[in-house]
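Take a look at the letters that make up each chain.
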Amino acid sequence: MLLAVPWAGAADVVREVGGPTGTLAGTTVIDPTNPVDFTTGALLVEPGESGAGRLAALAPGARLVKAFHLFPASRWPVARDGGAAPAVAMCGDDPVAVERVASLVRDLGGVPAALGRLDRARQLEEIAGFATSLALSGTDPRSALPSLPA
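My aim in this report is to walk through the structure given alongside it, one point at a time. (Residues numbered from 1 in each chain as written. Predicted model: local features only at pLDDT ≥ 70, side-chain atom pairs only at ≥ 80, totals over all residues. Heavy atoms only, no water.)

## Re the layout of surface pockets
Then step 1. By volume, the largest pocket is sized at about 1,000 Å³.
Then step 2. Breaking the lining of the largest pocket down by element, the ones donating at least two residues are strand 3 (87-92) and helix 4 (121-136).
Then step 3. Examining the composition of the lining of the largest pocket, we find that six residues originate from one element, helix 4, more than from any other.
Then step 4. Class assignment for the residues of the lining of the largest pocket results in 22 nonpolar, four polar and three charged.
Then step 5. The computed volume of the second largest pocket comes to approximately 320 Å³.
Then step 6. What lines the second largest pocket is a set of 17 residues, among which Leu2, Ala4, Pro32, Phe68 and Phe71 lie closest to the centre.
Then step 7. For the lining of the second largest pocket, the class distribution of residues is 15 nonpolar, two polar and no charged. (1 Å grid on protein atoms, 1.4 Å probe; cavity = no way out; pocket = protein on both sides within 12 Å on 5 of 7 lines; lining within 4 Å. Points joined across faces, edges and corners; volume = space filled by probe spheres on them. Helix = DSSP H or I, 4+ residues; strand = E, 2+ residues; numbered from the N terminus. Nonpolar A, V, L, I, M, F, W, Y, C, P; charged D, E, K, R; others polar.)

Written out as structure tokens, the structure reads:
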């Protein structure tokens, strides 16, 4: 299941489909949401927590994977723009679900970058806030990261 909704409605959608009652148990849930104020770049979750963690708590037994939160739909599939394959940072507690999402990333022409357990999700969400803040200031977020040799 791809939870492709704005952050403001994500918890409601999880509740609506019965997440709290276990209907998503065993289901791979991809969380591309960004709990970010897009006017400031600030995170909309408390210090020490993540949006992905909140959603996982609302759906006991779901195999939640944080992924696809940085690239807009217009970048997929990669063949659309002929650009370099995007690295899709992801994290999740269930290795089978992470590999399932990694396979999807490869099928779309991307490069999966599994970064560990779901407790890393806040870092991924902070990157979205960082990129938003840079874009709002008129700076291309890509210019803020070093270009390392391959």
